[in-house]
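Understanding the architecture of this molecule
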Amino acid sequence: MKNANSVSSKTYAGETRFDTAVEQSKAAFSNSEYTILVGSEGWPDALSVSGLSGALSCPILYSATDSLPSATSSEMDRLGVQKVLVVGGQGSIGSAVESSLQKKYQVVRLGGENRYETQSEIYKYGVQNNLWGSDFVFFAMASPFRMPFRFLQLLMPTNLRSF
């Protein structure tokens, strides 16, 4: 076991959350067929796709609701992205952003009426694309643990009957 003093860390930061996501992407990926795009205010969506990001070996980048930030667009170009998974409903990433993406990329929206339906769409996408088994869902808040093992996390409503 390592001594706590021998562990090193590196900070990835930018002026905005868009820039910070790009810095993380640059550190982790030299190229990527996919990127996962989440709304800048949609933390449940970003949390929910961490397993999908690991399964596809791709970054999670942020978009504003009505426009794609230039930092995000430039990073997608640098990576050579061909396919974009837009996560969340129209309130997270609007149709104008989706339409502009469709001019350059293959776009799939994984969204629903609420975060639970969106997570269900993420799960279904993974099953349909053989990214994880259809009989296993990981219900825990250990995000760093999930990604390398391609575990899907679902946030569950307090009343499971509403799901």
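Look up a bit, the structure's there.
To keep things clear, this report deals only with the structure shown in the data block. (Residues numbered from 1 in each chain as written. Predicted model: local features only at pLDDT ≥ 70, side-chain atom pairs only at ≥ 80, totals over all residues. Heavy atoms only, no water.)

**Quick look at the packing of aromatic side chains**
As a reminder, the rule being used: For Phe, Tyr and Trp, rings pair up if their centres lie within 6.5 Å, where Trp contributes its six-membered ring, and each pair is then called stacked (planes under 30 degrees apart), edge-to-face (over 60) or tilted (otherwise). Comment: the charge-over-ring label is applied if NZ (Lys) or CZ (Arg) is within 6 Å of the ring centre and within 35 degrees of the ring normal.
A full pass over the atoms with the stated rule returns zero aromatic pairs. Here the basic side chain of arginine 115 rests over the ring of tryptophan 43, its NZ or CZ set 5.8 Å away from the ring centre.

**Details of the pattern of salt bridges**
The following threshold applies: The term salt bridge refers to a side-chain nitrogen of Lys or Arg lying within 4 Å of a carboxyl oxygen of Asp or Glu. Secondary structure elements follow DSSP: runs of H or I of four or more residues count as helices, runs of E of two or more count as strands, with numbering from the N terminus. Exposure is judged per residue with a 1.4 Å probe applied to protein chains only, and the accessible area is read against the type maximum: over 50% gives exposed, under 20% gives buried, and values in between give partly exposed.
For the coordinates displayed, the defined rule picks out seven salt bridges. Here glutamate 41 makes a salt bridge to arginine 17, at a shortest N to O gap of 3.7 Å. Taken together, the residues span a long stretch of sequence, with glutamate 41 in the loop between β1 (34-39) and α2 (43-48) and arginine 17 in helix α1 (residues 17-28) at a distance of 24 residues. Residue classification places glutamate 41 among the exposed positions, given a relative accessible area of 64%. Between aspartate 77 and lysine 104 there is a salt bridge; the shortest N-O distance is 2.4 Å. Of this pair, aspartate 77 sits in helix α4 (residues 70-79) while lysine 104 sits in the loop between α5 (95-102) and β4 (106-110), and the two are 27 residues apart along the sequence. Classification of aspartate 77 by relative accessible area gives partly exposed; the value is 40%.

**Notes on the sheet that holds β4**
Here is the rule we go by: Should DSSP find at least two bridges between two strands, the strands are regarded as paired. Orientation is described by lines fitted to C-alpha atoms, with helices fitted over the stretch in contact, and by angles between N-to-C directions that extend from 0 to 180 degrees. Should any heavy atoms of two residues lie within 4.5 Å, those residues are counted as being in contact.
Spatially, four strands are ordered β2-β1-β3-β4 in an open sheet, and the strand pairing comes out parallel. At either margin of the open sheet sits one strand with a lone partner, and together these are β2 (60-63) and β4. Strand-to-strand twist in this sheet, taken as the mean axis angle between neighbours without regard to direction, amounts to 30°. One ladder, built from four bridges, connects β1 with β2; its direction is parallel. Bridged to valine 38 within β2 is tyrosine 62. Its contacts with the sheet put α4 on β1, β2 and β3 (83-87), and the angle it makes with β2 is roughly 145°.

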